[in-house]
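Here's the letter readout for the chains.
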Amino acid sequence: MPAAPPDLLVVSSVNGHGGQEGLRLIEALRDRPELVATPVVIGGKLDVVGGGAGSTAAALLAAGFDAVFDDGAGLTSFRSFVRALPARAGAAIGAP
């Protein structure tokens with residue numbers, strides 16, 4: 001029996017290359033049939049330029065990420081996203 005797909009994939013970037021590398025990653029993930037419907041989010045320091053978070057986030061969302069969380073936004077929006085997931089995913093992550 002094949003393993004069940006994950007409830008959520010979370011990608012974190014600390015080096016400022018998340019915007020570029022995230023585009024390649026989401027393409028590879030979405031090419032896998034078992035991950036097409038899996039929620040995938042990315043957050044952290046997404047670019048090295050600064051101030052381009054809006055355009056970087058838009059590109060990542062257009063490429064297939066379900067949500068983008070900029071490093072300056074804190075955890076509130078991420079927690080809200082997790083709470084909105086089906087019960088099994090939210091419980092697995094320990095969402096408050």
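Our structure's up above, just so we're on the same page.
Because the structure is predicted, anything quoted here is derived from the model rather than measured.

Reading the values: rules and limits
- Residues numbered from 1 in each chain as written.
- Predicted model: local features only at pLDDT ≥ 70, side-chain atom pairs only at ≥ 80, totals over all residues.
- Heavy atoms only, no water.
- Phe/Tyr/Trp six-rings, centres within 6.5 Å; stacked < 30°, edge-to-face > 60°.
- Buried < 20%, exposed > 50% of the residue type's maximum accessible area, 1.4 Å probe, protein only.
- Helix = DSSP H or I, 4+ residues; strand = E, 2+ residues; numbered from the N terminus.
- Salt bridge = Lys/Arg side-chain N within 4 Å of Asp/Glu carboxyl O.
- 1 Å grid on protein atoms, 1.4 Å probe; cavity = no way out; pocket = protein on both sides within 12 Å on 5 of 7 lines; lining within 4 Å.
- Points joined across faces, edges and corners; volume = space filled by probe spheres on them.
- Nonpolar A, V, L, I, M, F, W, Y, C, P; charged D, E, K, R; others polar.

(A) Highlighting the packing of aromatic side chains. Going through the model one piece at a time under the given rule, you end up with 2 aromatic pairs. When the ring of phenylalanine 69 is compared with that of phenylalanine 78, the centres are 5.5 Å apart and the planes differ by 90°; the resulting orientation is edge-to-face. A single burial state applies to phenylalanine 69 and to phenylalanine 78, both of which are buried. Measuring from ring centre to ring centre gives 6.1 Å for phenylalanine 69 and phenylalanine 81, while their planes differ by 75°; the resulting arrangement is edge-to-face. Of this pair, phenylalanine 69 sits in strand β3 (residues 67–70) while phenylalanine 81 sits in helix α3 (residues 76–83), and the two are 12 residues apart along the sequence. Relative accessible area serves as the criterion here: at 11%, phenylalanine 69 is assigned to the buried category. Through a chain of ring-to-ring contacts, three or more aromatic side chains come together here, namely Phe69, Phe78 and Phe81.

(B) Summary view of the pattern of salt bridges. Applying the stated criterion across every chain yields a total of 2 salt bridges. Ionic pairing is found between arginine 30 and aspartate 66, a salt bridge with its closest N-O pair at 2.8 Å. Here arginine 30 is found in helix α1 (residues 18–30), whereas its partner aspartate 66 is found in the loop between α2 (53–63) and β3, with 36 residues between them in sequence. One salt bridge connects glutamate 34 with arginine 32, and the closest N-O pair in it is separated by 2.5 Å. Looking at arginine 32, the relative accessible area reads 44%, which means it is partly exposed.

(C) Region of interest: the layout of surface pockets. Roughly 160 Å³ of internal volume is contained in the largest pocket. Taken together, 13 residues form the lining of the largest pocket, with Gly43, Gly44, Phe69, Leu75 and Phe78 sitting closest to its centre. Considering every element that reaches the lining of the largest pocket, the biggest residue donor is strand β2 (residues 40–44), with 4 residues. Looking at the lining of the largest pocket residue by residue, the class counts come to 7 nonpolar, 4 polar and 2 charged.

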